[in-house]
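# Structural overview for review
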Amino acid sequence: MPGFELFGESEKGQVQDVLDSGVLMRYGFDGMRNNHWKALELEEALAKRMDSKYAQLVSSGTAALTVALASAGIGAGDEVIMPTFTFVASFESILALGAIPILVDVDDTLTLDPTAVENAITDKTKVVMPVHMCGSMADLSALKDICDKHSLLLLEDACQAIGGSFEGKPLGSYGDLGCFSFDYVKTITCGEGGAIITNNEQYKTNADHYSDHGHDHVGNNRGAETHPFLGYNFRISELHAAVGCAQIERLDDFLAIQEKNYSVLRNTLSPLKNITFRKVPTGGVENYSFLSFFLPTQELAKAAHTALGEAGVDACFYWFDNNWHYYKKWEHLTSKRSLGKMPQEVVSQLSDYSKSDFSKSDAWIGRTISCLVKLSWTEEQVAERASKMKEVLSKFS
Ligand SMILES: *Cc1c(COP(=O)(O)O)cnc(C)c1O
């Protein structure tokens, strides 16, 4: 998946443009910058590729989630529904605003279970935040129906699935807001960076101001601009945006390579009776950044994962035991361990997740192995890897 595997001349050329002008900031310095507006260019290219009216670049995927929530007016005590299987950024962004992360089970899509979402809705719920983990998506049609019925926002975390689609729409563009990460291990990278996409003009304006200290960006004298509301600094630099300008041009090539490599692995493993693949909701097209599959039991999955590693098949993950991606190891969240005092709303409303029953998630994640699909493998390497995986996995039935 990672764009860093294919960092080349076009990335260097884009960065050199910025270095030549010396203007490393996305705003201002109009005279000095030789007409280089890398952040603006990348926003235009991203909005176009994602069939969305607006894009807002920020400094990371976590910042994108935070700014997206803030742009929609989410604040202290508002409840945001998120999955038990995701990256810690999900609850970090929610908590940053004093809002309350509501953890909800995942199903065989490895993303939010729509029934569990509906059961978790209260009069404080404001947002449903599906996370399209490991290259594939939540059942967005079912989630949208639920959101429409209860007047909730649908915010897609598409950080791990950029370029996938649902019912013909690019992931991230189906809901009210979509977020991407361009950190160093994502499908395309800026080094560090993130983005929000939306068709809602007000959210775009809010995100634009909020991510730059509340600047209204009217006129061309930064010091004279006004600040209609409180903001923060979540800006991306021109250097990072420049890398992204090169990478977004290559996104569709990267996706084609991923699909090719993924298909070799999947077709080789398909005959195995003890392996079933992660469910992709009807209407969904993956971005093929991972191949995820289930073993018959938790014990077999854990043992098979160890055996794959011992056989030299690297970059496969057993998420059930992972420190960063599954609720079981989020003791800092469950024990509310923060450096300073937390907002009163969080202290009083955040559940004691150490006592929660997420056995439905455990039943799927406990049996899941996900293998990263790399861009840099040769055809021989993919074929060799596929046959090695088949040989190892066939022993665990
Ligand atoms: C990477 C990632 C993020 C956060 O992105 P950063 O750019 O690393 O802050 C958020 N959500 C998911 C699902 C991710 O994989």
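Structure first, text after, so check above.
Below is a short write-up of the structure. Keep in mind it's a predicted model, so treat the numbers as computed, not measured. (Residues numbered from 1 in each chain as written. Predicted model: local features only at pLDDT ≥ 70, side-chain atom pairs only at ≥ 80, totals over all residues. Heavy atoms only, no water.)

Tallying each qualifying case throughout the model produces 19 salt bridges. Among the salt bridges present, the one from D148 reaches K144, with a minimum N-O distance of 3.3 Å. Note that D148 and K144 are positioned in helix α6 (residues 140-150) at a spacing of 4 residues, about one turn of the helix. Judged by its relative accessible area of 31%, K144 falls in the partly exposed class. Each member of the salt-bridge network shares a partner with another, and the members are R26, E43 and K204. (Salt bridge = Lys/Arg side-chain N within 4 Å of Asp/Glu carboxyl O. Helix = DSSP H or I, 4+ residues; strand = E, 2+ residues; numbered from the N terminus. Buried < 20%, exposed > 50% of the residue type's maximum accessible area, 1.4 Å probe, protein only.)

We now examine a nonpolar patch on the surface. On the surface, a cluster of nonpolar side chains totalling about 280 Å² of accessible area is made up of F4, Y184 and V185. Assignment of secondary structure puts Y184 in the loop between β8 (177-181) and β9 (194-198). Assessed through its relative accessible area of 48%, Y184 is described here as partly exposed. (Patch = residues over 30% accessible without salt bridge, like charges linked within 9 Å, V, L, I, M, F, W, Y side chains within 5 Å. Areas by Shrake-Rupley, 256 points an atom, 1.4 Å probe, with all protein chains shown as cover.)

Around the ligand, a shell composed of 14 residues is seen, among which G61, T62, S181, D183 and K186 lie nearest. Taking S181, its side chain carries an N or O atom lying 2.7 Å from an oxygen atom of the ligand. Relative to its unbound accessible area of 380 Å², the ligand is 93% covered by the protein chains. Residues of the shell around the ligand, tallied by class, amount to 5 nonpolar, 6 polar and 3 charged. (Near = heavy atom within 4 Å. Polar contact = N/O pair within 3.5 Å; in protein donor to acceptor, adjacent residues only side chain to side chain. Nonpolar A, V, L, I, M, F, W, Y, C, P; charged D, E, K, R; others polar.)

Nothing here speaks to function; it is all geometry.
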